[in-house]
Amino acid sequence: MDALELLSGDAQTFIDKVWASQVHVHLAAPADVVGLLSFDDVDHLLTSTGMRTPAVRLAQDGAVLPSSAFTRSATLAGVSMTGLVDARKVLDLFDSGATVVLQGLHRYWPPLTRLVRELELALGHPCQANAYLTPPGSQGFALHSDTHDVFTFQTHGRKLWEVHDASGAREVLMEPGTSMYLPTGTPHAARTQAVASLHVTVGINQVTWRQVLERALASATGAELDAHLPAGYLHDRRRFADDVGTRLLAVAETLRDLDAESVAAAEVERFLTTRHTAVPGGLRDRLAARELSDHTVLRRRPGSACQLVSDGDQLRVLLGDRELRVPARLREALEHVGAVEQLRPTDLSAWLDAESARVLTRRLVREGLLEVVG
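Not measured: the values here are computed from a predicted model. (Residues numbered from 1 in each chain as written. Predicted model: local features only at pLDDT ≥ 70, side-chain atom pairs only at ≥ 80, totals over all residues. Heavy atoms only, no water.)

(A) Local environment of the environment of Thr-49. The topology assignment puts Thr-49 in the loop between helix 4 (39-48) and strand 2 (56-60). Residues Thr-49 and Leu-84, 35 residues apart in the sequence, show an inter-C-alpha distance of 9.8 Å. Within the local environment of Thr-49, its side chain forms a polar contact with the backbone oxygen of Leu-45, the two atoms lying 2.5 Å apart. (Helix = DSSP H or I, 4+ residues; strand = E, 2+ residues; numbered from the N terminus. Polar contact = N/O pair within 3.5 Å; in protein donor to acceptor, adjacent residues only side chain to side chain.)

(B) Region of the structure containing unusual backbone geometry. The linkage connecting Thr-53 with the following residue, Pro-54, adopts the cis geometry, with an omega of 10°. Along the chain, the position of Pro-54 falls in the loop between helix 4 and strand 2. Look at Ser-21: it is not a glycine, yet its phi comes out positive at around 55°. Inspection of the secondary structure assignment puts Ser-21 in the loop between helix 2 (11-19) and strand 1 (24-27). Its relative accessible area of 51% is what places Ser-21 among the exposed residues. (Buried < 20%, exposed > 50% of the residue type's maximum accessible area, 1.4 Å probe, protein only.)

(C) The arrangement of the sheet that holds strand 14 (residues 298-300) in detail. The strand order across the open sheet built from 3 strands is 18-14-19, with neighbouring strands paired in antiparallel fashion. Of all strands in the sheet, those bounded by a partner on one side alone are strand 18 (342-343) and strand 19 (370-372). Pairing analysis gives 3 bridges linking strand 14 to strand 19, with the strands arranged antiparallel. Along strand 19, the bridge assignment pairs Leu-298 with Val-372. Against the sheet, helix 12 (residues 354-367) makes contact with strand 14 and strand 19, and its axis sits at roughly 95° relative to strand 19, the strand it touches most. (Pairing = 2+ DSSP bridges. Contact = heavy atoms within 4.5 Å. Axes fitted to C-alpha atoms, helices over the stretch in contact; angles between N-to-C directions.)

(D) Molecular detail of the pattern of salt bridges. Inspection of the entire model under this criterion finds 24 salt bridges. One salt bridge in this structure joins Glu-118 and Arg-114, with 3.4 Å as the shortest N-O distance. You can see Glu-118 and its partner Arg-114 sitting in helix 6 (residues 110-123), 4 residues apart, about one turn around the helix. Judged by its relative accessible area of 22%, Glu-118 falls in the partly exposed class. Looking at Arg-114, the relative accessible area reads 47%, which means it is partly exposed. Across the pair Asp-285 and Arg-301 runs a salt bridge, and its minimum N-O distance is 2.9 Å. Here Arg-301 lies in the loop between strand 14 and strand 15 (307-311) and Asp-285 lies in helix 10 (residues 282-289), a separation of 16 residues in the sequence. Taking relative accessible area as the criterion, Asp-285 reaches 0% and is therefore assigned buried. Classification of Arg-301 as buried rests on a relative accessible area of 4%. Beyond isolated ion pairs, a larger network of salt bridges with shared partners links Glu-269, Asp-311, Arg-316, Glu-323 and Arg-325. (Salt bridge = Lys/Arg side-chain N within 4 Å of Asp/Glu carboxyl O.)

(E) Seen up close, the sheet that holds strand 9 (residues 159-165). Pairing is antiparallel in the open sheet, where 3 strands are placed in the order 10-9-12. Because the sheet does not close on itself, it has two edges, and the strands there are strand 10 (168-174) and strand 12 (188-192). Averaged over all neighbouring strand pairs, the angle between strand axes comes to 20°, with direction disregarded. Pairing between strand 9 and strand 12: 5 bridges, direction antiparallel. Within strand 12, the position partnered with Val-163 by the bridge is His-188.

(F) Representation of empty space enclosed by the protein within the structure. Tallied over the full model, the rule gives 1 cavity of 30 Å³ or more. Along the walls of the largest cavity sit 16 residues, with Arg-117, Ala-278, Leu-319, Asp-321 and Gly-368 positioned nearest its centre. Among the residues forming the lining of the largest cavity, the class breakdown is 6 nonpolar, 5 polar and 5 charged. (1 Å grid on protein atoms, 1.4 Å probe; cavity = no way out; pocket = protein on both sides within 12 Å on 5 of 7 lines; lining within 4 Å. Points joined across faces, edges and corners; volume = space filled by probe spheres on them. Nonpolar A, V, L, I, M, F, W, Y, C, P; charged D, E, K, R; others polar.)

(G) Here's a closer look at the packing of helix 7 (residues 209-221) against helix 8 (residues 237-257). The interhelical angle for the contact between helix 7 and helix 8, taken along N-to-C directions, is 105°, at an axis separation of 10 Å. Judged on the interaxial angle alone, helix 8 and helix 7 are roughly perpendicular. Between helix 7 and helix 8, the residues in contact are Leu-217, Ala-220 and Thr-221 and Val-251, Thr-254 and Leu-255, respectively. Residues that form the contact of helix 7 with helix 8 fall into these classes: 4 nonpolar, 2 polar and no charged. (Parallel < 35°, antiparallel > 145°, perpendicular 65-115°, else oblique.)

(H) Focus on the packing of aromatic side chains. All chains considered together, the criterion is met by 4 aromatic pairs. Arranged with centres 5.7 Å apart and planes meeting at 55°, the rings of Phe-151 and Tyr-181 form a pair that is tilted. With Phe-151 in strand 8 (residues 149-156) and Tyr-181 in strand 11 (residues 178-182), the pair connects residues that are 30 residues apart, well separated along the chain. Classification of Tyr-181 by relative accessible area gives buried; the value is 2%. Ring geometry for Tyr-233 versus Phe-240: centroids 4.8 Å apart, planes at 50°, classification tilted. You can call Phe-240 partly exposed: its relative accessible area is 24%. Joined through ring pairs, the aromatic side chains of Phe-14, Phe-151 and Tyr-181 make up one cluster. (Phe/Tyr/Trp six-rings, centres within 6.5 Å; stacked < 30°, edge-to-face > 60°.)

The following block contains the structure:
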């Protein structure tokens, strides 16, 4: 089950809801969702690791608490460290009704790293994951709306949400396995019931048309628009207006001359070369790659990108966080790598000799596209 199917059920139904900017609620098997971040996982992160702000924040009665209320300082190898989470202070504040927020979980919690990376490829927008642990009978934040689309899913306890959409206000009871999609600007608030609640939100930081066109214009115009305004423009409006008109015409000409396919390609390539690097198990894979044989079982790393772009006698392989350049003759072999979930170097024998297949797959392991099974 991929990320979009897990969170929204039928993908086409979800796309229709997004198109209409409608709230969408879906119930999955609780075990599928709870495994992404359980109550015990959060307990471990807060009490048995060296978490620091801003990865953790606390809120109570609609206000964010100062980090000094739940952090401490320490030294490591003689170097001072600040912002360390004080587990006892966090537990005391949680006991008194504070909501614990874990921020940026996609950067350090593997199940959510994988979910977010798969969701990014499915949607084409950067995503982030936060978690909210709220004690019984409490509310962390008052009625508010977000400036981005949100997936939220419940992994522990219950939480009653007040959601305002085109049809008015309604209540949604979130239980383990329940997920909900909230379009940008949807007012919402939530309160726990008789037990503590843990839910995860995946924020979708949408790429906008404005951003795409502004990047295209900036690339096409170069430095001429960075020239300063002429001295005295405040007092010679006619001349200033003429200069503005000249530049507007130049910008219009530039926009007319832009090639739509080139702009689209540049945007796709920007997205597929600037993502957050995530190579869990990479250390083990680097060592295993040294002993790679013709029959070593390999698989595509979950959430990895592999898009091929021809560039003369070279092939650019867009890997998500960067690009890899290889000879163009490797296209068919790489197309096979990108089309299957699992393979062995010998499976590339239709295009490469045994040594070349080992060299290529070893490189792809080192680059993080493939991982060694077992």
